[in-house]
Amino acid sequence: MSATRLLRQQWLATKFTQPLKRWNSTAAGLQASALKINKADTLKPLVPNQDLVFGQTFTDHMVTIEWNADKGWDAPEIIPHGKLCLDPSATVFHYAAECFEGMKAYKDKDGKIRLFRPDMNMARMNRSAHRIALPNFEGEEFLKVISEYLKLDQRWIPNERGYSLYLRPTMIGTQPTLGVTAPNKALLFVIGSPVGPYYKTGFAAVSLKATTEYVRAWPRGTGDSKIGGNYAVGLLPQLLAAKKGFQQNLWLFGDDHQLTEVGAMNLFILWKNAQGETELVTPPLDGAILPGVTRDSILSLAREWGEFKVSERKLTMPELRDAVKENRVKEVFGAGTACIVSPVKMIEYQGEELNIPLDPNDSTSQAGPITKRINKAIMDIQYGEVEHPWSVLVN
Ligand SMILES: *Cc1c(COP(=O)(O)O)cnc(C)c1O
């Protein structure tokens, strides 16, 4: 068997949670037991829940773990949250050697800390890192380090339903060289930011610009990786859409305008399909779609409910437009960790405004009944109101 084939087999066999030691087979794996903690001398004052703005407040500490191709992973460290010191030639600044995760820690009503399906974030981060030639790590060990970090900074995890501590695990290439090569040095770090509910006063449905002049991702590209490079290229289209009053881009692909994602969220449509069946549909994981943890959770829950057809399949904007005009569309929403669900009230496509219904039984509501039900079901699990294997206690 060829070396590449062998590596690929090992890679698949480990389900992306074990390191792929492509650089040096004797390099060390990530080891939580080697953790060193350097506590901050002074702790910052907490920010009251109602004053929290997404991503602006950070806890007292952060996790850093250095890697190099010869030695592998260094001892993980928890240090005071602060500046990083990098050479300006570091790979990340020039060739976007960066991948990240978005996950949350919740406090349940007994004050216990919970994570939601964190194994999926670990697996996805290893896949993202692999795609841009950054090193892999032992997901379970990294989770143990994150758990220690959460225990140390637990006063920053708000104690109220809807609030949480947003975690941003990030990996960057730090090799100080301008050569375009896979970096032989990397830094894995985690920062934490207390966040409030996405919708403080009930849902707020968004208007979308179906974007035809820019493409977010394409098959065999990197749309399925959570890498920084995917987001920089979306900022200009987002700005242009915002100038016209749209909150998000609805990203399309191909000449037939296939639906892909909405902003940085997965897309869901509840409709009566052309065959007259009620169906919840989301685009398939064809390589251009980010495999969202929320997406996967919604599909599982809806399949468990068994009340309507649940499909992962291609759908085009003209099909959606026709369905809206024939009053077959019931609900449209985006899905992601930050908001869980983001209801859509309007889509502008080729100069035409397509109005999406919200709640037929409540004209003041900004979300449809299934959108609301999904949101509640997931929150109940995240906050431990309903016991479920997806909710993992940090002990
Ligand atoms: C992170 C992300 C999502 C949502 O993923 P979750 O795991 O549900 O938070 C969807 N689309 C894009 C492009 C993303 O970056």
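Each value, and the rule that gives it
Counting restarts for each chain, with residues numbered from 1 along the sequence as it is written. With the structure being a predicted model, the display of local features is reserved for residues of pLDDT at least 70 and the display and counting of side-chain atom pairs for 80 or more, all residues being used for whole-chain, interface and lining totals. Derived side-chain values reflect all non-hydrogen atoms in the structure, with water molecules and hydrogen atoms excluded from consideration. UniProt positions are given in the numbering used here, feature names are shortened, and annotations may be inferred rather than shown by experiment. For the domain bounds, the source is a domain assignment made automatically or taken from a database. Note on contacts: a residue pair qualifies if any of its non-hydrogen atoms lie within 4.5 Å across the two residues. What gets called buried area is simply the loss in accessible area from a 1.4 Å probe that two parts show on being joined, summed for both. Here, a salt bridge means any Lys or Arg side-chain nitrogen found within 4 Å of an Asp or Glu carboxyl oxygen. As used in this structure description, the phrase polar contact means that two N or O atoms lie within 3.5 Å; if the pair is within protein, one of them must be able to donate a hydrogen and the other to accept it, and residues adjacent in sequence are counted only when both atoms belong to side chains. Going along the chain from the N terminus, every DSSP run of H or I of four or more residues is numbered as a helix, and every run of E of two or more is numbered as a strand. Each residue is assigned to one of three classes by its accessible area relative to the maximum for its type, calculated with a 1.4 Å probe on protein chains only: buried under 20%, partly exposed between the two thresholds, exposed over 50%. By this definition, two strands are paired if DSSP reports at least two bridges between them.

- An unreviewed UniProt entry annotates the chain as Branched-chain-amino-acid aminotransferase of Lichtheimia corymbifera JMRC:FSU:9682.
- Comment text from UniProt for the chain, heading Sequence similarities (unreviewed entry), reads "Belongs to the class-IV pyridoxal-phosphate-dependent aminotransferase family."
- Heading Cofactor (unreviewed entry) of the UniProt record for the chain holds this comment: "pyridoxal 5'-phosphate".

**Structural notes on the domain arrangement of the chain**
Interface size is commonly expressed as the accessible surface area that is lost when the partners come together.
Reasoning step 1: Under the domain assignment, the chain is made up of domain 1 (23-196) and domain 2 (206-383).
Reasoning step 2: Here domain 1 and domain 2 have C-alpha centroids that lie 29 Å from each other.
Reasoning step 3: Between domain 1 and domain 2, the residue contacts involve 28 residues of the former and 24 residues of the latter.
Reasoning step 4: Of the roughly 2,100 Å² buried between domain 1 and domain 2 on both sides combined, carbon and sulfur atoms contribute 58%.
Reasoning step 5: The largest contributions to the domain 1 side of the interface with domain 2 come from Phe116, Arg124 and Arg161, which together make up 30% of the buried area.
Reasoning step 6: Inspection of the domain 1/domain 2 interface yields 2 salt bridges.
Reasoning step 7: With a closest N to O distance of 2.8 Å, Asp380 and Arg161 form a salt bridge.
Reasoning step 8: The tally of links from domain 1 across to domain 2 stands at 12 residue pairs in polar contact (both at pLDDT 80 or more).
Reasoning step 9: Elements that contribute at least two residues to the side of domain 1 that touches domain 2 include exactly strand E5 (98-100), strand E6 (103-107), strand E7 (113-116) and helix H3 (118-131).

**Description of the pairing of E6**
Reasoning step 1: For E6, a buried count of 5 out of 5 residues is recorded, marking the element as mostly surrounded by other parts of the structure.
Reasoning step 2: Residues Met103, Ala105 and Lys107 point to one face of E6 and Lys104 and Tyr106 to the other, with burial holding for every one of them.
Reasoning step 3: Bridge count between E6 and strand E8 (residues 164-173): 3 bridges; the pairing is antiparallel. Looking across to E8, one finds that Lys104 is bridged to Tyr166.
Reasoning step 4: Counting the residues in the hairpin turn of E6 and E7 gives 5 residues, including Gly111, whose phi is positive at 80 degrees.

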